[in-house]
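# Residue-level structural notes
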Amino acid sequence: MVAAPGENLRVNGDRLWDMLMEMAKIGPGIAGGNNRQTLTDADGEGRHLFKTWCEAEGMTVGVDKMGTMFATRPGTDPDALPVYIGSHLDTQPTGGKFDGVLGVLGGLEVVRTMNDLGIRTKHPVVVTNWTNEEGARFAPAMLASGVFAGVHSIDYAYARKDPEGKAFGDELKRIGWVGDEEVGTRKMHAYFEYHIEQGPILEAEDKQIGVVTHCQGLWWLEFTLTGREAHTGSTPMNMRVNAGLAMSRIFEMVQEVAMSEQPGAVGGVGQVFFSPNSRNVLPGKVVFTVDIRTPSQEKLDRMRARIETRAAEICEKLGVGCSVEAVGHFDPVTFDPVLVGRVREAAEKLGYSHRDIISGAGHDACWAAKVAPATMIFCPCVGGLSHNEAEDISKEWAAAGADVLFHAVLETAEIVE
Ligand code: HGY
Ligand code: MN
Ligand code: MN
């Protein structure tokens, strides 16, 4: 069968894999993954390596006041808005080598392949590393892309504190990555994000490519429960104001609410702080964040209302104080149908198996979609495991997704003969 025009244009999978393994050496975890949390020295080192690689490809690297990095490959038309390819280099504390990193370095591999082939495009291509996508150290997640999209102010972002009380703005200054660009002044022709699925569907269905049509919405609800510090040994059960017990009943309730909203809803808790966190003192204060998500707007808001109402009832019964603050949120996202179509056509042309999919995880693309046509491409990941140091993909999967990214970007950036 005669190859379709450009069908044989593929990225260099070995070179992409080598870049991923090189970046993985920075901020290593303790079990083969990464701990390269945002605004740590390791993050600074990873940023520097990315900048060095981009400049070696003849790209110019701009940085905005949130530290987001924009590496530009010029187009032939100086007035044409760029096509952006982005994701994040920061990781969870027990993160994998591919979450976010595949999207940034996959974008760089697209540029390297364009340089290898001497391809010129009308629109510039900009490869982006968003600051603090994970939200592990500074909530909320997708903080820099949120400021870029006008969802958060830069003052709000700079004031966000990590668990040790360090402020985002101070830490960004400390690692020397406060840029001079105003945040959000850049305009995008289109935005693509290539990412591991972080779920089990593609691998289970033996599909090489996820054509991402939507992303589920999210609430992060931070609860602060106030009990009374008291001796765990000498305080009679009927005299306790037990914030820890209230917390455990709320956890059980969140599970129940999420299960009652199936299919297509999740709810759970990943982070808890006890104070004073001493074995033989009942906690005076318990702080935790409930993470709920679903593709349905109506279900998302209903789950939030049910959880907040029932949490207040649980606490009242136990005489425990209860306050809640939404520290993260985005509504369900529908990605741009034209760009989604280009991703699907690229997978078809390249002969890769594919299926439409809704993203379970949140991504910077969710905020980019507020200010430009945006979409995503997924590759499978082993066992659907992510936010775990054992997160793994194959070199073949990585290259196939980058090939689709390459073709969809070329289609959008318009090759100049
Ligand atoms: O929470 C998320 O979905 C993303 O990993 N920040
Ligand atoms: Mn990610
Ligand atoms: Mn992540």
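Note that this is a predicted model, so its numbers are computed, not measured.

Basis of the calculations
- Residues numbered from 1 in each chain as written.
- Chains lettered and ligands numbered in written order.
- Predicted model: local features only at pLDDT ≥ 70, side-chain atom pairs only at ≥ 80, totals over all residues.
- Heavy atoms only, no water.
- Helix = DSSP H or I, 4+ residues; strand = E, 2+ residues; numbered from the N terminus.
- Buried < 20%, exposed > 50% of the residue type's maximum accessible area, 1.4 Å probe, protein only.
- Areas by Shrake-Rupley, 256 points an atom, 1.4 Å probe, with all protein chains shown as cover.
- Lys, Arg positive; Asp, Glu negative; His and termini not counted.
- Charge placed at Lys NZ, Arg CZ, Asp CG, Glu CD.
- UniProt positions renumbered as here; feature names shortened; annotations may be inferred.
- Contact = heavy atoms within 4.5 Å.
- Polar contact = N/O pair within 3.5 Å; in protein donor to acceptor, adjacent residues only side chain to side chain.
- Patch = residues over 30% accessible without salt bridge, like charges linked within 9 Å, V, L, I, M, F, W, Y side chains within 5 Å.
- Salt bridge = Lys/Arg side-chain N within 4 Å of Asp/Glu carboxyl O.
- Donors = N, O, S within 2.8 Å, 3.2 Å for Na, K, Ca; no water.

Per the secondary structure count, the protein chain includes 12 helices and 15 strands. The burial tally for the protein chain puts 56% of its 417 residues in the buried class. As displayed, the protein chain offers around 17000 Å² of accessible surface, 52% of which is attributable to carbon and sulfur atoms. In the protein chain, 39 side chains carry a positive charge and 57 a negative one; their mean positions are 4 Å apart.

What follows covers the UniProt feature "binding site: Zn(2+) 1" (unreviewed entry) in the protein chain. UniProt's feature table lists "binding site: Zn(2+) 1" (unreviewed entry) at His88, Asp99 and His195, given in the numbering used throughout. For the annotated residues, spread through 108 residues, the largest C-alpha to C-alpha distance comes to 9.8 Å, consistent with a single compact locus. Its place among the elements puts Asp99 in the loop between strand S3 (83–87) and helix H3 (101–117). Setting aside its immediate chain neighbours within four residues, Asp99 contacts His88, Asp90, Glu134, His195, Ile196, Gln198, Ser386, His387 and Glu391. By the element assignment, His195 lies in strand S5 (residues 190–196). Look past the residues within four positions of His195 in its chain and what remains in contact with it is Ser87, His88, Asp99, Gly100, His363, Met376, Ile377, Phe378 and Cys379. At 3.0 Å, the side chain of His195 and the side chain of Asp99 are in polar contact.

Another aspect to go through is a negative patch on the surface. On the surface, a cluster of negative charge is made up of Glu345, Glu348, Glu411 and Glu414. Along the chain, Glu414 falls in the segment after helix H12 (395–413). Judged by relative accessible area, Glu414 falls into the partly exposed class, the value being 35%.

With that out of the way, let us pick up the coordination of the manganese ion (ligand 3). Coordination of the manganese ion (ligand 3) by the protein is provided by Asp99 (OD), Glu134 (OE), Glu134 (OE) and His387 (NE2), with metal-donor distances spanning 2.1 to 2.6 Å. Donor residues binding the manganese ion (ligand 3) come from one chain and are separated in sequence as D-x34-E-x252-H. In this structure, the manganese ion (ligand 3) lies 3.5 Å away from the manganese ion (ligand 2), the two metals sharing Asp99 as a donor. Here Glu134, found in the loop between strand S4 (125–129) and helix H4 (143–148), pairs with His387, found in the loop between strand S15 (374–379) and H12; they are 253 residues apart in sequence, far enough to count as distant. Judged by its relative accessible area of 6%, Glu134 falls in the buried class. For His387, a relative accessible area of 38% puts it in the partly exposed group.

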